[in-house]
Amino acid sequence: MTNPSLVQINRLGKRFGDGPWVLDGLDLGVERGEFVSFIGPSGCGKSTLLRLIAGLTAPTQGELVVDGMTPANARELMFFVFQDANLLPWKRVAANVELPLLLRGDLAAKRQERVARMLDVVGLSGSADKFPWQLSGGMKMRVSIARALSVAPKILLLDEPFGALDEMTRDKLNEDLLAIRERDPFTGFFVTHSVTEAVFLSTRIVVLSANPGRIATTIHVPFPYPRTAELRETQPFLERLAVTAHALRAVRK
Amino acid sequence: MKRRLQSLIQPALTGVGLIALWYAAIRITRIPRYVLPAPHEILAAVWQEKSVLWTSAMVTARGAILGFLAAVGVGFLIAMVLGFSPRIKRSFYPYILVLQMMPVTILAPVFVLWLGQGLPSIVAITFMIGFFPVVANTTMGFISVDRNLQELFVMCKATRAQEIRYLRIPGAMPYFLTGMKIAGTLAPIGAIVGDFLAGSAHNGVGGIGYMTIVYFSQLRTPALFATGLVACLLGFIFVGGVNWLHWRLLHTWHESRVTAE
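Residues numbered from 1 in each chain as written. Chains lettered and ligands numbered in written order. Predicted model: local features only at pLDDT ≥ 70, side-chain atom pairs only at ≥ 80, totals over all residues.

Undergrad: Go over the overall build of chain B, please, and point to the residues and values.
TA: A tally of helices and strands in chain B yields 10 helices and zero strands. Written out in order from the N terminus, the α and β elements of chain B read α-α-α-α-α-α-α-α-α-α. In terms of principal-axis extent, the alpha carbons of chain B reach across some 75 × 55 × 30 Å. Considering only residue pairs separated by 6 or more positions, chain B has 74% of its internal contacts joining residues 24 or more positions apart. (Helix = DSSP H or I, 4+ residues; strand = E, 2+ residues; numbered from the N terminus. Contact = placed C-beta atoms within 7 Å.)

Structure below.
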């Protein structure tokens, strides 16, 4: 193959109908095992970019290749974590986690085993029989992540999953997400507004500018995994934070 | 507990007050008893006519239940078709509205012509009164599925059948049950109207609607009022049953039924 990247984006452009260009002339190659965050002002098209990779919306211009396939054909490799937890309110926690396995036709015994393991991974084994309304925002998000990882996707797309949570919960979920990734590796795409979150999670931060959405800067985050909470207090981390915040401020003008 | 006691005592006091007012009105105005009977005379009529009233209540209940089931079942199926095909919805919805606008008093003779006097016509009339709320609400439920959940199913590569089974039908449940509740309140009324317009009698006893005509023609006013009392009871039982079903199916998860912890 001439194109070794797991996700390859060439001259990607997107507009809705006759509207303005939401994204324009994007080039990006992402390798297996990377964790890429998209950050930028409102309207920079970062959520749209994620939805394009997922194949939930089609490009207007350019091309997008996921593991040699169109996004729609590569769906088996991917899963999407939505902004709100997006759980089925009539199903209990375990059944929500089980849903993707059920839909792809896994056998009951295999499903049970996998659900039990995923709930254990996100620390919700005790809440398997609860309904979504009985859970806190952070717990709902954990269920959503367990559901996404139940199918062991190669690529996980996360659209501001922790945006509605308080900072402490968010930090904890960031740490847990990386811990999970140590056991069940995936290539991550992560949309966020939070600089701290982006630096803590990513191998690379793509800063987008708005109107139209373009890649302004790319920031590499060299810290090795596994990363733990202590990393946030180190000098190199704070420096990366400053660099990213500066880049973000530059595109806000 | 105190609240609960109050919610029993207060309506009971209102009831006592209304009955006292009723007796006072009869005393003061000297309305003839065949125009406005006293409450105890109505209760006496209930006792006297109990076997007739019981039989007619059963006849009406049968019409109401069958008509209700038809309205709910057929309504659900129609809603499913309308909800899944915007084209069919556009083509047929106006005619469903026409059917709904058609007064039952005009439909009743037509049903009698087609189906004859008796149960089939009564069921048809009950169905006509009850099916529209089921169709309208359930269709809305099938159409207004959460977009994010739909995309979740796209990401899972769900088939159309899976989407219907695991997302659309459970998602439409609250709407369907709302339609069902409305149909449930209408069904006993529909069956009584059906008795009234298309009822028939076995051994002189028909449904409640039929008996009102009989008692009215004989000017047996207390018995006439007694049919009203029986009709109310039947309605309460019916609505109670539907409400119970609503609770059964939704109380675990739906906002309308979940009590905050």
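Undergrad: Tell me about the nonpolar core, and name the residues and values.
TA: Judged by nonpolar contacts, the single largest core of 79 residues is most densely connected at I53, A146 and L157 of chain A. Look past the residues within four positions of A146 of chain A in its chain and what remains in contact with it is V97, M118, L119, V121, V122 and L124 of chain A. Among the nonpolar cores identified, the runner-up in size contains 54 residues, and M128, F176, A226 and F238 of chain B belong to it. (Core = buried A, V, L, I, M, F, W, Y, C linked by C-beta atoms within 7 Å. Buried ≥ 20, exposed ≤ 12 C-beta atoms within 10 Å, placed from the backbone.)

Undergrad: Any details on helix α1 (residues 2-29) of chain B? Residues and values, ideally.
TA: Helical geometry: 3.6 residues make up each α-helical turn, so side chains three or four residues apart lie on a common side. All names here are of chain B. For α1, built from 28 residues, the straight-helix expectation of 40 Å at 1.5 Å per residue is met to within 8% by its first-to-last C-alpha distance of 40 Å. Burial analysis of α1 places just zero of its 28 residues in the buried class, a small minority of the element. Following α1 by one or two positions, R30 adopts a phi angle in the positive range, close to 55°. (Expected span 1.5 Å × (residues − 1).)

Undergrad: Which residues make up the interface of chain A and chain B, and what are the values?
TA: Across the boundary between the two partners, chain A contributes 17 residues, which contact 14 residues of chain B. Elements supplying a minimum of two residues to the side of chain A that touches chain B: β5 (78-81) and α2 (93-103) of chain A. If one sorts the elements of the side of chain A that touches chain B by residue count, α2 of chain A sits on top with three residues. Class assignment of the residues belonging to the side of chain A that touches chain B gives a composition of 13 nonpolar, one polar and three charged. (Nonpolar A, V, L, I, M, F, W, Y, C, P; charged D, E, K, R; others polar.)

Undergrad: A description of the confidence of the model for chain B should follow, citing residues and the corresponding values.
TA: The predicted model of chain B averages 90 in pLDDT, with 97% of residues at 70 or higher. Here the prediction assigns the complex a pTM of 0.84, and the interface score ipTM is 0.92. (pLDDT = per-residue confidence, 0-100.)

Undergrad: An account of unusual backbone geometry is needed here, citing residue identities and associated values.
TA: Leaving glycine out, the prevailing phi sign among residues is negative, and the prevailing peptide bond configuration is trans. Residue and element names in this part refer to chain A. Residue P212 is bonded to the preceding N211 through a cis peptide linkage, with omega at -10°. By secondary structure assignment, the location of P212 is in the loop between β8 (204-209) and β9 (214-220). In this chain, Y225 is followed by P226 through a cis amide linkage whose omega measures 0°. Following the sequence through the fold, P226 ends up in the loop between β9 and α7 (235-252). Phi is positive for E160, which is not a glycine, with a value near 45°. Note on placement: E160 falls in the loop between β6 (155-159) and α5 (167-183). Its 20 C-beta neighbours within 10 Å are what place E160 among the buried residues.

Undergrad: Tell me about the domain arrangement of chain B, and name the residues and values.
TA: Often, the extent of an interface is quoted as the loss of accessible area on bringing the components together. Segmenting chain B into domains produces domain 1 (1-30) and domain 2 (36-250). A straight line from the C-alpha centre of domain 1 of chain B to that of domain 2 of chain B covers 32 Å. (Domains from an automatic or database assignment.)

Undergrad: Describe the sheet that holds β8 of chain A, naming the residues involved and giving the relevant values.
TA: All names here are of chain A. One open sheet accounts for six strands, arranged β5-β6-β7-β3-β8-β9; its pairing is mixed. Whereas interior strands pair on both sides, the edge strands pair on one side only; in this sheet they are β5 and β9. When the angles between neighbouring strand axes are averaged without regard to direction, this sheet yields 15°. Strand direction decides the pairing type here: β5 and β6, joined by four bridges, are parallel. The partner of F79 across the bridge, within β6, is L156. Lying over the sheet, α7 contacts β3 (35-39), β8 and β9, oriented at roughly 170° with respect to β9. (Pairing = 2+ DSSP bridges. Axes fitted to C-alpha atoms, helices over the stretch in contact; angles between N-to-C directions.)

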